[in-house]
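# A closer look at the structure
Read off the chains here:
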Amino acid sequence: MRILIAGAGETGIALARYLRAENHEIVMIDKNPDVLEGISEQLDIQTLTGSCDSPLVLERAGADSVDILLAMTGDDQSNIIACSLAKELFRVSKRIARVSSNDYLMPKYSAFLKALSVDVVVSPEVETANQILTSLAINGATDMTILGRGLVRFLGLKCRSDIPLLGKTLAQLHRQLDELNISVVAVVRRHQLMDLKKLSLQVGDEVYFFVDTAHLPYALDIFGCTE
């Protein structure tokens, strides 16, 4: 697919890097030429200096031939206008806008944004805050994501010095973990990904696993954590 990304901030660059790795054709626009300098060669994408709320800039960026617009600048109004222009002038089929203002994010205004041709609203700030609050709900969690409409959790927990798992391999813990519907997918030790087949758990290891939400209290118990 051909994708137009507006905004060369952290979010825009991260999206460009990920999507380019998936072999999509990327065009990135930003007001600041200094920010764009080097990005083109680094990520192997096309770049253009200009504002995403300008019809002329969108035309020069080839908006009439892109499949998706990702309006990810730090300006909510510019992102929303860009989506409207992309739909009405260039018939871009999918338009996604980054919106940070709580005013726009209120549910009662979702229809208004739809009317302005914003198909999907994303808010990195809200997602980050939610992730922090979710992780804080578990004492000792380094990461936690709720999946499957709440039926499954993905957790990252640090091994403490007082848990019964220390010194044991995952093979030795296999039956106990299976009974709790826990599937360990990674163990990180001092920022290095470990071989699950060979390691025995040590203090400070970060264990990442999926667990049935119904069994979450038992999983936390064996890792010495509390809600």
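Residues numbered from 1 in each chain as written. Predicted model: local features only at pLDDT ≥ 70, side-chain atom pairs only at ≥ 80, totals over all residues. Heavy atoms only, no water.

## So, the pairing of strand 7 (residues 141–147)
To keep things clear, this is the line we draw: Note on pairing: two strands pair once DSSP finds at least 2 bridges between them. For helices the rule is a DSSP run of H or I covering at least 4 residues; for strands it is a run of E covering at least 2, with both sets numbered from the N terminus onward.
Alignment of strand 7 against strand 8 (residues 152–158), held across 6 bridges, turns out to be antiparallel. Counterpart to Ile146 in the pairing with strand 8 is Arg153.

## Here we look at the sheet that holds strand 7
Read from one edge to the other, the open sheet built from 5 strands follows the order 7-8-11-9-10, with strand pairing classed as antiparallel. Each end of this open sheet is capped by a strand with a single partner; those strands are strand 7 and strand 10 (192–193). In this sheet, strand 11 (residues 206–212) lies alongside strand 8 in antiparallel orientation, the contact comprising 7 bridges. In the strand pairing of strand 11, Leu157 is matched with Val207.

## Quick word on the packing of aromatic side chains
What counts is decided by this rule: A pair of aromatic rings is counted whenever rings of Phe, Tyr or Trp (Trp by its six-membered ring) have centres within 6.5 Å, and the orientation is called stacked for planes under 30 degrees apart, edge-to-face for over 60 and tilted otherwise.
Applying the stated criterion across every chain yields a total of 3 aromatic pairs. Between Phe154 and Phe210, the ring centres sit 4.9 Å apart and the planes meet at 50 degrees, which makes this aromatic pair tilted. Residue Phe154 is found in strand 8, and its partner Phe210 is found in strand 11; the two are separated by 56 residues along the sequence.

## A closer look at the sheet that holds strand 2 (residues 25–30)
Our working definition: To obtain each axis, a line is fitted to C-alpha atoms, and for helices this fit is confined to the stretch in contact; angles are then taken between N-to-C directions over 0 to 180 degrees. Contact between two residues is taken to exist if any of their heavy atoms lie within 4.5 Å; hydrogens are not considered.
Across the sheet, which stays open at both edges, the 6 strands sit in the order 3-2-1-4-5-6 with parallel pairing between neighbours. The open sheet has two edge strands with one neighbour each: strand 3 (46–49) and strand 6 (120–122). Averaged over all pairs of adjacent strands, the angle between strand axes in this sheet comes to 15 degrees, irrespective of strand direction. Summarising the sheet, strand 1 (residues 2–6) and strand 2 pair through 5 bridges and their orientation is parallel. The partner of Ile5 across the bridge, within strand 2, is Met28. The sheet contacts of helix 1 (residues 10–21) involve strand 1, strand 2, strand 4 (68–71) and strand 5 (94–98), and relative to strand 2 the element is tilted by about 165 degrees.

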